Amino acid sequence: PAPRRGASGLPVNVGVLFVPQQEAWVVEHMGHFHRILEPGLNFLIPLLDRIRYVQSLKEIVINVPEQSAVTLDNVTLQIDGVLYLRVMDPYKASYGVEDPEYAVTQLAQTTMRSELGKLSLDRVFRERESLNASIVDAINQASDCWGIRCLRYEIKDIHVPPRVKESMQMQVEAERRKRATVLESEGTRESAINVAEGQKQAQILASEAEKAEQINKAAGEANAMLVKARAKAEAIQLLAAALAQQHGSAAASLSVAEQYVNAFSKLAKDSNTLLLPASTGDVTSMVAQALGIYGTLTKPQALKTQDEKPPAPKDPQAPSTEVPKAEPANSS
């Protein structure tokens, strides 16, 4: 059997050896380094060659014991970690240091104390990855002559004093309350902005709707006025045509008399105070007066019409139009 690392080798009694994979056997010839056996079949000189060291080329995991360290703000921490190593040069690992694992472990502890002394407590928790990288770089710089390379270093756990832990918990609670208050105020602000924007849009839409309503109302009123004017014009034209016919004046006198009687029937219904003309009871005089006003207004129009039309030949046998006008008035 091959000796373990650090043990004194024994002379080889056989000349043929099989070296396992991922192992390096260091051979000494008559007390001096001879060669390193590669994995597989190897031949040695019996009694003159001996296996001095056996180095494993696999990745080695070493637990770094818990230790105390003081941060930049004078807080004492208890930190432990895990170290991952690999033997890169079996010769240096065998003859460069007595116990490579122990040497690397002590170097990791001292480097950890040094790096923690450069950081405050808050930065230790935030910059754990950078702290691990700094420890790995420091170990590799010192362990290069030992034939060992540190692949990575991980901090397993960080223990803080109870009082510091309580203070940290209070600080965390205060930060959470602060964030809750800020978020609540931002929510209130956003809500107020949304409400204001909604009211603004509602007012704009209401004003636009009122504007459209007024435009539509004005257009409707204008159209109604035009329709009423056209209807009134047509009514006037029809009335004028009716009055121009035979016995039209008699019909107008009858209509005026009826309106006069209806108006006097409603005098006492709307108000107690009445202003009546002196000849209120004389219906004939009132109708005659209304017809006189109508004749005065229509006389210029009739003259204008006669001027525009050529004079018609007189018919000696045509009946006079003055007598029928007087008879309806007397009958009324």
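Residues numbered from 1 in each chain as written. Predicted model: local features only at pLDDT ≥ 70, side-chain atom pairs only at ≥ 80, totals over all residues. Heavy atoms only, no water.

Rules: UniProt positions are given in the numbering used here, feature names are shortened, and annotations may be inferred rather than shown by experiment.
The name that an unreviewed UniProt entry assigns to the protein chain is Stomatin-like protein 2, mitochondrial, with the source organism given as Crypturellus undulatus. Annotation of the protein chain in UniProt includes, under Sequence similarities (unreviewed entry), the sentence "Belongs to the band 7/mec-2 family." Under the Subcellular location (unreviewed entry) heading, UniProt states for the protein chain: "Mitochondrion inner membrane".

## Comments concerning the overall build of the protein chain
Worth spelling out the cut-off: In this text, helices come from DSSP runs of H or I with a minimum length of four residues, and strands from runs of E with a minimum of two, each type numbered from the N-terminal end. Remark: exposure states derive from per-residue accessible area (1.4 Å probe, protein chains only) relative to the maximum for the residue type, with buried under 20%, exposed over 50%, and partly exposed in between. A contact between two residues is defined here by any heavy atoms of the two lying within 4.5 Å.
The helix and strand inventory of the protein chain stands at 9 helices and 8 strands. Relative to its 332 residues, the protein chain shows a buried fraction of 23%. Considering only residue pairs separated by 6 or more positions, the protein chain has 66% of its internal contacts joining residues 24 or more positions apart.

## Considerations on a nonpolar patch on the surface
The cut-off we apply is this: Exposure above 30% relative accessible area and the lack of any salt bridge qualify a residue for a patch; like charges then connect within 9 Å, and the nonpolar side chains Val, Leu, Ile, Met, Phe, Trp and Tyr within 5 Å. Note that accessible areas follow from Shrake-Rupley with a 1.4 Å probe, and for residues the cover is restricted to the protein chains shown. We count a salt bridge whenever a side-chain nitrogen from Lys or Arg sits within 4 Å of a carboxyl oxygen from Asp or Glu.
Taken together, the side chains of Val16, Phe18, Leu41 and Phe43 make up a nonpolar region of the molecular surface, amounting to roughly 450 Å² of accessible area. Of all the secondary-structure elements, those providing two or more residues to the nonpolar patch are β1 (16-19) and β4 (40-43). Among the structural elements, Phe18 can be located in strand β1. A residue is classified by how much of its surface remains accessible, and Phe18, at 63% relative accessible area, is exposed.

## Some words on the pattern of salt bridges
Taken as a whole and judged by the stated rule, the model has 5 salt bridges. Between Arg189 and Glu190 there is a salt bridge, and its shortest N-O distance comes to 3.6 Å. Given a relative accessible area of 53%, Arg189 falls into the exposed group.

## Remarks on unusual backbone geometry
In this structure, Gln22 takes a positive phi of about 60° despite not being glycine. Within the secondary structure, Gln22 sits in the loop between β1 and β2 (23-29). Notably, Asn74 is not glycine yet its phi reads approximately 60°, a positive angle. Tracing the sequence through the fold places Asn74 in the loop between β6 (59-70) and β7 (76-87).

## What about the environment of Glu23?
So the rule is basically this: N or O atoms within 3.5 Å of each other form a polar contact, as long as, within protein, one can give a hydrogen and the other can take it, and as long as residues adjacent in sequence are counted only when both atoms are side-chain atoms.
Examined against the element boundaries, Glu23 turns out to sit in strand β2. Taking the C-alpha atoms as reference points, Glu23 and Val87, separated by 64 residues in sequence, lie 10.0 Å from one another. In this structure Glu23 touches Leu37, Pro39, Val54, Gln55 and Leu57, once residues within four positions along its chain are discounted. At 3.1 Å, the side chain of Glu23 and the side chain of Trp25 are in polar contact.

## Re the sheet that holds strand β3 (residues 32-37)
Operational definition: By the convention used here, strands pair only if DSSP detects at least 2 bridges between them. The axes are straight lines fitted to the C-alpha atoms, using for helices just the contacting stretch, and the angles between their N-to-C directions are given from 0 to 180°.
Read from one edge of the open sheet, 3 strands run β3-β2-β5, paired in antiparallel fashion. Across the chains shown, the open sheet's two edge strands, defined by having one partner strand only, are β3 and β5 (49-56). Within this sheet the neighbouring strands show an average axis-to-axis angle of 30°, counted without direction. In terms of strand pairing, β2 meets β5 through 7 bridges, oriented antiparallel.

## A word on the sheet that holds β7
Read from one edge to the other, the open sheet built from 3 strands follows the order β6-β7-β8, with strand pairing classed as antiparallel. Strand pairing shows two members of the sheet lacking a second neighbour, β6 and β8 (148-159), which therefore form its edges. Each strand axis lies, on average, 20° off the axis of its neighbour in the sheet, ignoring direction. By the bridge criterion, 10 bridges tie β6 to β7 in an arrangement that is antiparallel. From the neighbouring strand, Ile62 faces β7, where its bridge partner is Leu83. Packed onto the sheet, helix α2 (residues 100-116) meets β6, β7 and β8 and runs at close to 40° relative to β6.

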